[in-house]
Amino acid sequence: MVTIQHALRAATAQLRAVSETARLDAELLLAHTLGWSRAKVVAERDHPLTPEQQARFAALVARRAEREPVAYLIGRREFFGLELQVDRRVLIPRPETEVLVELAIAEARRYGDAPITIADIGVGSGAIAIALAMHLPRATLYGVDLSAGALEVAAANIARYHLQDRITLLEGDLLAPLPGPVDLIVSNPPYTILNEIDEGVYRHEPHLALDGGPDGLDCYRRLIAAAPAYLTPKGAILLEIGAWQAAAVVHLLHLALPQAEVGVQQDLAGRDRVVWARNLDVIR
Ligand code: GLN
């Protein structure tokens, strides 16, 4: 008889070579297989598995052993206290991106009770836009993406949180689909150099959401060059970056918005993670 305990032990051993969180991965995959919470799986270690459950679990573990992310295998990921549907059409939301959300919330609160418009460029799963909408009841949001598939995932997540009236999805390239200037532009654009990224990420996550070109800066160049025309006079732009890109992105922002105040924010690991620029209300 194969119990939960046996199955978890074998799967953990199998996943150790590909995952730093092998035990956790195994628990999440088994919970998904059984339709249980992870807490229940951990508590009921002597519960027997049927041959059919063992086979379904083994299939998931085999895919994880090929470095497929757990979030895709179970179809969801937690971000900023939200549970989001994810699949191969979208980048999996990363915890580092919560820094961008926190800064954007702080920036939006400068507007007090006044309404504010926000654009999330490269909306992907909707993680950033939904987190902002949930915390900023006076905000109206746009979510732009080049990927029709990503917009389908975002739409499902937006519907799940009943935010259809607050977040408008637009298909297209960077700022071009926006109807006019906004108070806040936020973006986690593709910024990696593809041949330098983690193998599991490279093999399974959408390159459209990751590939920042030869130096990782392609999207920032185009986005920042276009930003002045899409920002209100006191508007701000907040961009997630790779830890090595702060100086280059700060430079691009100074060039495009010479009057703006510019800053860099670190993530919890102390790495540069967000670059921001705030327009000063000058006559242009
Ligand atoms: N942080 C992601 C990674 O390193 C990249 C996200 C992005 O390119 N926007 O895998």
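The structure we're discussing is the one just above.
Please read these numbers as outputs of a predicted model, since none were measured by experiment. Per-chain numbering applies: the sequence of each chain, read as written, is numbered from 1 onward. The predicted nature of this model means local features are confined to residues of pLDDT at least 70 and side-chain atom pairs, given and counted, to a pLDDT of 80 or more, with totals for whole chains, interfaces and linings taken over all residues. Only hydrogens and water are set aside when side-chain values are computed; all heavy atoms of the structure are taken into account.

(A) Structural view of the pairing of strand β9 (residues 272-278). Most of β9 is tucked away: six of the seven residues are buried. Two strands pair under a simple rule: DSSP has to find at least two bridges between them. For the purposes of this entry, the term helix denotes a DSSP run of H or I that reaches at least four residues, the term strand denotes a run of E that reaches at least two, and both are numbered from the N terminus. Note: strand β8 (residues 261-266) against β9, six bridges, orientation antiparallel. Pairing of Glu261 across the sheet is with Arg278, part of β9. Where β8 folds back onto β9 in an antiparallel hairpin, the turn is made up of five residues, including Gly270, whose phi is positive at roughly 85°. Classification of residues uses two cut-offs on accessible area relative to the type maximum, computed with a 1.4 Å probe and protein chains only: under 20% is buried, over 50% is exposed, and between them is partly exposed.

(B) Examining the site of the ligand more closely. Nearness is defined per residue: one heavy atom within 4 Å of the molecule or strand is enough. In the region of the ligand, the neighbouring residues are Leu91, Arg94, Asn188, Pro189, Pro190, Tyr191, Thr192, Val201, Ala209 and Leu210. Counting of polar contacts relies on pairs of N or O atoms within 3.5 Å, with two restrictions inside protein: one atom must be capable of donating a hydrogen and the other of accepting it, and residues adjacent in sequence are counted only when both atoms are side-chain atoms. Within the backbone of Pro189, an N or O atom sits 2.6 Å from a nitrogen atom of the ligand. When residues are sorted by character, Ala, Val, Leu, Ile, Met, Phe, Trp, Tyr, Cys and Pro go into the nonpolar class, Asp, Glu, Lys and Arg into the charged class, and all the rest, Gly among them, into the polar class. Classifying every residue of the shell around the ligand by side-chain character gives seven nonpolar, two polar and one charged.

(C) Molecular detail of the packing of aromatic side chains. Between the rings of Phe, Tyr and Trp (Trp by its six-membered ring), a pair exists once the centres lie within 6.5 Å; its type follows the angle of the planes, with under 30 degrees stacked, over 60 edge-to-face, and the other angles tilted. Taken as a whole, this structure holds two aromatic pairs when the rule is applied. Relative to Phe80, the ring of Phe79 lies with its centre 6.2 Å away and its plane at 35°, an arrangement referred to as tilted. When its relative accessible area of 1% is taken as the criterion, Phe79 is described as buried. Ring geometry for Tyr191 versus Trp244: centroids 6.4 Å apart, planes at 70°, classification edge-to-face. Of this pair, Tyr191 sits in the loop between β6 (182-187) and α9 (199-204) while Trp244 is found in the loop between β7 (231-240) and α11 (246-256), placing the two residues 53 residues apart along the sequence. As a reminder, the over-ring test applies to NZ of lysine and CZ of arginine, requiring each to be within 6 Å of the ring centre and within 35 degrees of the ring normal. One Lys or Arg, Lys40, reaches over the ring of Trp36 and ends 4.3 Å from the middle of that ring.

(D) Spatial organisation of the sheet that holds β9. The strand order across the open sheet formed by seven strands is β5-β4-β3-β6-β7-β9-β8, and the pairing between neighbours is mixed. Across the chains shown, the open sheet's two edge strands, defined by having one partner strand only, are β5 (167-171) and β8. Across this sheet, the average inter-strand angle for adjacent strands is 15°, counted without regard to direction. Here five bridges tie β7 to β9, and the two strands are oriented antiparallel to one another. Paired with Ala236 across the strands is Arg278, a residue of β9. It only takes one pair of heavy atoms within 4.5 Å for two residues to be counted as in contact. Angles here are taken between N-to-C directions and fall from 0 to 180 degrees, while the axes themselves are lines fitted to C-alpha atoms, restricted in helices to the stretch in contact. Those strands touched by helix α8 (residues 148-160) are β4 (139-145) and β5, and its axis lies near 170° from that of β5. Across the sheet, helix α10 (residues 218-226) touches β3 (116-121), β6 and β7, and the angle it forms with β7 is around 175°.

(E) Focus on the side chain of Arg273. Its location among the elements puts Arg273 in strand β9. Within polar-contact distance, the side chain of Arg273 engages the side chain of Asp267 at 3.0 Å.

(F) Spatial organisation of the environment of Leu252. Looking at the secondary structure, you find Leu252 in helix α11. For Leu252 and Val41, which are 211 residues apart along the polypeptide, the C-alpha to C-alpha distance reads 50 Å. Those residues in contact with Leu252, other than ones at most four positions away along the chain, are Tyr220, Arg221 and Ile224.

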